[in-house]
Amino acid sequence: MQIIIKYFGQLTEITHIEEETLEVSGTYIYELLETLYRKYNTLKTKDFQVAQNQELVSKETKLTGAEIALLPPFAGG
Amino acid sequence: MTNKKTKNVFQSGAITSEFIGNSIYKHQTKTSIGAHNIFLGQVRADEIDGKTVSAIEYTAYEDMANQKFHDIRESAFAKFDLTCMHIYHSLGTVKAGEICLFVFVSSPRRKVVFEALEYIVEAIKADVPVFGKEIFEDESHQWKVNS
C-alpha cells in the first residue's frame, strides 16, 4: 500500500525532506521503520515517536494506510 | 462555551503584548467572570556550552497539534468550571524575551483558574507535537526538548 510519511524537527536534517509517499509491503509499523532505517542510516540513533492518522501508536500497531508521522521530542511552550 | 470545531491555535511569530492586552479587554463584556489567570511562555536566552540562545524557531505537526489543543480544551472544560479558555502558540521565529505561548482561562471563582491553568500548560508541554530549534548567536543550533 502507498503511505504518506511526514518528518518533523531534527529528523528532517536526516531525511532532507518533510514528506514522501512510499510503497510499503509490511503489515506493522516496525516493518515500515526497518525500511526507513535502511533508507536513512542515522534515523535509528534518533529519539522519536510514531503517529498514525494523528494518534501516537506503538511499533507493534498494524499499518492502516493512513498518514504516518515521525515525531521527535516535543518542545512546545 | 466549548467550541466543537477545531480552532487554529497557531500564530506566526511572537505573541505581542498588544494582542494579550486586547484579549483581556474583550472579556469586559463577560460579567459572570470573577477571575482570570494567564500563562505566558517566554523564550529564554539559555547559555549552553558558552553560546547563548538568541531565538527559537517553532514548527509543528499542525493538524495533530490543533487536534491535541482541542482535546486539551475539551478535557479542561469537563474537569473545571471555566467560563472561557484561549490558547495561542507561535510558529516560526520567536526571539529571546518574546512570548511564544499564551494561555488564558476565566471562571466565576479564583481557585478553579489556578488549577485549570497548570493542568492545561502541562498538557500542552507533554502532548502537543511542537518542535523548537534553538538558534544561537553564531547561527548554529540545537533542538529543544521539554523537560
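Here we summarise the structure given alongside this text. (Residues numbered from 1 in each chain as written. Chains lettered and ligands numbered in written order. Predicted model: local features only at pLDDT ≥ 70, side-chain atom pairs only at ≥ 80, totals over all residues. Heavy atoms only, no water.)

Here we look at the overall build of chain A
Step number 1: The helix and strand tally for chain A stands at two helices and five strands.
Step number 2: Of the regular secondary structure in chain A, the N- to C-terminal order runs β-α-β-α-β-β-β.
Step number 3: For 77 residues, the compact-globule estimate of 2.2 N^0.38 gives 11 Å, and chain A sits close to it at 12 Å.
Step number 4: Considering only C-alpha atoms, chain A reaches an extent of 35 × 25 × 20 Å along its principal axes. (Helix = DSSP H or I, 4+ residues; strand = E, 2+ residues; numbered from the N terminus. Rg over C-alpha atoms; globule rule 2.2 N^0.38 Å.)

A few points about unusual backbone geometry
Step number 1: Of note in this structure, A:His16 is not a glycine but carries a positive phi near 60°.
Step number 2: Mapped onto the elements, A:His16 comes out in the loop between helix H1 (12–15) and strand S2 (19–23).
Step number 3: A positive phi is found at B:Asp49, a non-glycine position, where the angle reads about 50°.

Description of the pattern of salt bridges
Any two side chains of opposite charge can pair if their charged atoms end up close together.
Step number 1: A complete count under the given rule lists five salt bridges over all chains for this structure.
Step number 2: Measuring nitrogen to oxygen at the nearest pair gives 3.5 Å for the salt bridge that ties A:Lys6 to A:Glu67. With A:Lys6 in strand S1 (residues 2–7) and A:Glu67 in the loop between strand S4 (55–57) and strand S5 (68–71), this pair connects stretches of sequence that are 61 residues apart.
Step number 3: With a relative accessible area of 18%, A:Lys6 lands in the buried category.
Step number 4: For B:Lys51, the salt bridge identified is with B:Asp138, shortest N-O distance 4.0 Å. Here B:Lys51, found in strand S4 (residues 51–60), pairs with B:Asp138, found in the loop between strand S7 (130–136) and strand S8 (141–144); they are 87 residues apart in sequence, far enough to count as distant.
Step number 5: On the basis of relative accessibility, which here comes to 28%, the residue B:Lys51 falls in the partly exposed class. (Salt bridge = Lys/Arg side-chain N within 4 Å of Asp/Glu carboxyl O. Buried < 20%, exposed > 50% of the residue type's maximum accessible area, 1.4 Å probe, protein only.)

Side note on the packing of aromatic side chains
Step number 1: Under the criterion given, the structure shown has eleven aromatic pairs over all chains.
Step number 2: The interplanar angle of 70° and the centroid separation of 6.1 Å between the aromatic rings of A:Phe74 and B:Phe131 together place this pair among those described as edge-to-face. Of the two residues, A:Phe74 is situated in the segment after S5 and B:Phe131 in strand S7; the pairing between them involves two chains. We note that A:Phe74, like B:Phe131, is buried.
Step number 3: Between B:Phe19 and B:Tyr88, the ring centres sit 4.8 Å apart and the planes meet at 85°, which makes this aromatic pair edge-to-face. (Phe/Tyr/Trp six-rings, centres within 6.5 Å; stacked < 30°, edge-to-face > 60°.)

A look at the interface of chain A and chain B
Step number 1: Across the contact, 18 residues belong to chain A and 24 residues belong to chain B.
Step number 2: Approximately 1,800 Å² of surface area, both sides summed, lies buried where chain A meets chain B, with 59% of it carried by carbon and sulfur atoms.
Step number 3: Considering only the surface of chain A that becomes buried against chain B, A:Gln54, A:Phe74 and A:Gly77 emerge as the three largest contributors, covering 38% of it.
Step number 4: Connecting chain A to chain B are one salt bridge.
Step number 5: Among the ionic pairs, B:Lys68 bridges to A:Glu55, the shortest N-O distance being 3.6 Å.
Step number 6: Counting every contact that joins chain A to chain B gives ten residue pairs in polar contact (both at pLDDT 80 or more).
Step number 7: Elements supplying a minimum of two residues to the side of chain A that touches chain B: S4 and S5 of chain A.
Step number 8: Here the side of chain A that touches chain B is composed, by residue class, of nine nonpolar, five polar and four charged. (Contact = heavy atoms within 4.5 Å. Buried area = accessible area lost by both parts, 1.4 Å probe. Polar contact = N/O pair within 3.5 Å; in protein donor to acceptor, adjacent residues only side chain to side chain. Nonpolar A, V, L, I, M, F, W, Y, C, P; charged D, E, K, R; others polar.)

Overview of the sheet that holds S2(A)
Strand pairing in a sheet relies on backbone hydrogen bonds. The paired strands run either parallel or antiparallel.
Residues and elements named next belong to chain A.
Step number 1: The five strands lie next to each other as S2-S1-S5-S3-S4, forming an open sheet whose pairing is mixed. Looking at which strands have only one partner, the edges of the open sheet turn out to be S2 and S4. Pairwise comparison of adjacent strand axes, ignoring direction, gives a mean angle of 35° for this sheet.
Step number 2: When strand S3 (residues 49–52) meets S4, the two strands line up antiparallel, connected through three bridges. (Pairing = 2+ DSSP bridges. Axes fitted to C-alpha atoms, helices over the stretch in contact; angles between N-to-C directions.)

Some words on the pairing of strand S5 (residues 84–95) of chain B
Walk down a regular strand and you will see the side chains alternate between the two sheet faces.
All names here are of chain B.
Step number 1: In terms of burial, S5 is largely enclosed, as nine of its twelve residues are buried.
Step number 2: Looking at chain direction, S4 and S5 are connected through four bridges and run antiparallel. Looking at the pairing, Ile56 lines up with Val94 of S5.
Step number 3: Where S5 and strand S6 (residues 99–107) come together, six bridges link them in antiparallel fashion. Directly across from Ile87, in S6, lies its bridge partner Val103.
Step number 4: Remark: three residues form the turn of the hairpin made by S5 and S6, two consecutive strands paired antiparallel; Gly97 in that turn has positive phi of roughly 95°.

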